Amino acid sequence: MSEPTPNLTLNNGVTIPQLGFGVFQVPPEDTQRTVEDALEAGYRHIDTAAAYRNEAGVGAALAATGIAREEIFITTKLRNGEQGRAQEAFQNSRKALGLDFIDLYLIHWPVPSQGLFVQAWKEMERLYENKEIRAIGVSNFLSDHLDTLLESAETVPAVNQIELHPSYQQADLAAKCRNLGIAVEAYSPLGQGGDLNGNAVTSIANAHNATTAQVVLAWHLATGNIVIPKSANPDRIRENFAASSLKLSQDELAAITALESGARIGSDPAVAAFTQM
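Residues numbered from 1 in each chain as written. Predicted model: local features only at pLDDT ≥ 70, side-chain atom pairs only at ≥ 80, totals over all residues. Heavy atoms only, no water.

Explain the pairing of strand β6 (residues 102–107) to me, please; I cannot follow it from the model alone.
Consecutive side chains of a regular strand alternate in pointing toward one face of the sheet and then the other. Across the six residues of β6, six count as buried, placing the element largely inside the fold. Bridging between strand β5 (residues 73–78) and β6 involves four bridges; their strand directions are parallel. Of the residues in β6, the one forming a bridge with Thr75 is Leu104. As paired elements, β6 and strand β7 (residues 133–139) share five bridges and run parallel to each other. If you follow Tyr105 over to β7, its bridge partner there is Ile136. The parallel pair β6 and β7, bridged by helix α4 (residues 117–129), forms a crossover whose chirality is right-handed. (Buried < 20%, exposed > 50% of the residue type's maximum accessible area, 1.4 Å probe, protein only. Helix = DSSP H or I, 4+ residues; strand = E, 2+ residues; numbered from the N terminus. Pairing = 2+ DSSP bridges. Right-handed = clockwise from strand over helix to strand, strands pointing away.)

See the structure below:
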């Protein structure tokens, strides 16, 4: 197993491994094997969601490996269509994972057209107070969604998980989150592979005898992002995990930051309204 990745401390004192493993689009039947591969490689932070329909596979992997519960950080997320019954949805996720508590629970999307995310947050705050969740946060929340939430929230979100990669950095939103004490977590951190082919990333990878994915992940880590790459390939899982030992120069980091092009891949949280059911 490789050396452990660095931890970040969230705004409530809970520590989270900065480099995690995502299981978005991992088929349920492949999830246990894939997560076992990730845990064997050294990952101790697994990110899933009710909408991915693979929480049970994550839980099976945790049970099979026998790693102590306190050594693993588990994130899951509230489905859009269950924002009106967050407590029940949380208990279903917890049972699917086979865990007594969840480390981080996120509102998956704001879905502003529903007008329910503040209500969901209130229910999550109660679960947090009851110590069923170690930290609560949000995902895909834009600036105005955060403003609305914070008007009535008792607990500042620990994390905002957003689409973030070199060609789509959401710099203003990320800076606002950090100013509020909200950690920034990057999904689609490699631009779903699209950010790996440019000359800047390729030349830096060649200079370090590293993969282009390792270079982009090292940029995320140096920037202070929590990052959750996904792969079903055991070799790539191990390669990605090794990114935490790659150190880039300030010039190299700046060259990657300069790749910003405003190219969003996923849905726009301002209007996204799918139920995920």
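What am I meant to see in unusual backbone geometry here?
Across residues other than glycine, the phi torsion is negative in most instances, and most of the peptide bonds are trans. Residues other than glycine seldom take positive phi values, yet Arg53 does so here, at roughly 60°. Examined against the element boundaries, Arg53 turns out to sit in the loop between β4 (45–47) and α2 (55–65). Phi angles above zero are rare outside glycine, and Val111 is one such case at about 45°. Structurally, Val111 is set in the loop between β6 and α4.

Mind showing me how you'd approach helix α9 (residues 234–241) here?
Because an α-helix packs 3.6 residues into every turn, residues spaced three or four apart end up facing the same way. Within α9, the full set of buried residues consists of Ile237, Asn240 and Phe241. Each buried residue of α9 lies within a common arc of 100° when the element is viewed along its axis, so the set occupies one face. The backbone nitrogen of Asp235 lies 2.8 Å from a side-chain oxygen of the residue at the head of α9, namely Asn233. (Arc of directions from axis to C-beta. Polar contact = N/O pair within 3.5 Å; in protein donor to acceptor, adjacent residues only side chain to side chain.)

Got a minute to help me understand the nonpolar core in this structure?
As a rule of thumb, soluble globular proteins bury nonpolar side chains together. Of all hydrophobic cores here, the largest spans 68 residues; its most connected members are Ile107, Val215 and Leu248. The element contributing the most residues to this core is helix α8 (residues 212–223), with seven residues. Residue contacts for Ile107: discarding those within four places in its chain leaves Leu78, Gln83, Phe117, Ala120, Trp121, Met124, Gly137, Val138, Ser139 and Phe141. Grouped together as the second largest cluster of nonpolar side chains are eleven residues, Val14, Leu104, Leu106 and Ala135 included. (Core = buried A, V, L, I, M, F, W, Y, C linked by side-chain atoms within 4.5 Å. Contact = heavy atoms within 4.5 Å.)

Please clarify how the environment of Val184 should be interpreted in this entry.
Considering the arrangement of structural elements, one finds Val184 in strand β9 (residues 183–187). The buried category is assigned to Val184, whose relative accessible area is 1%. Separated by 45 residues in sequence, Val184 and Pro229 have C-alpha atoms that sit 14 Å apart. The contact partners of Val184, leaving out residues within four places of it in the chain, are Asn160, Ile162, Leu164, Ala174, Cys177, Arg178, Gly224, Asn225 and Ile226.

I keep staring at the packing of α2 against helix α3 (residues 86–97) and nothing clicks. Help me out?
Between two packed helices, what matters for the description is the angle formed by their axes and the separation of those axes. Closest axis-to-axis distance for the α2/α3 pair is 7 Å, and the angle between their directions is 40°. Classified by the angle between their axes, α2 and α3 sit oblique to one another. Only Ser93, Ala96 and Leu97 of α3 make contact with α2, whose side of the interface consists of Glu55, Ala56, Val58 and Gly59. Of the residues contributing to the contact of α2 with α3, the split by class is four nonpolar, two polar and one charged. (Axes fitted to C-alpha atoms, helices over the stretch in contact; angles between N-to-C directions. Parallel < 35°, antiparallel > 145°, perpendicular 65-115°, else oblique. Nonpolar A, V, L, I, M, F, W, Y, C, P; charged D, E, K, R; others polar.)

Please explain the packing of aromatic side chains as it appears in this structure.
Under the counting rule described, the total for this entry stands at six aromatic pairs. Measuring from centroid to centroid gives 5.2 Å for Phe24 and Tyr52, while their planes differ by 55°, and the two rings are tilted. Residue Phe24 is located in the loop between β3 (21–22) and α1 (28–41), and its partner Tyr52 is located in the loop between β4 and α2; the two are separated by 28 residues in the primary sequence. Note on Phe117 and Phe141: the rings are 5.0 Å apart at their centroids and 70° apart in plane angle, and the pair reads as edge-to-face. With Phe117 in helix α4 and Phe141 in the loop between β7 and α5 (143–152), the pair connects residues that are 24 residues apart, well separated along the chain. The pair Phe117 / Phe141 is uniform in exposure class, with both members buried. Among the aromatic residues, those joined into a ring-pair cluster are Phe21, Tyr43 and Phe241. When the ring centre of Phe101 is taken as reference, the NZ or CZ atom of Arg69 above it lies at 4.2 Å. (Phe/Tyr/Trp six-rings, centres within 6.5 Å; stacked < 30°, edge-to-face > 60°. Lys NZ or Arg CZ within 6 Å of the ring centre and 35° of its normal.)

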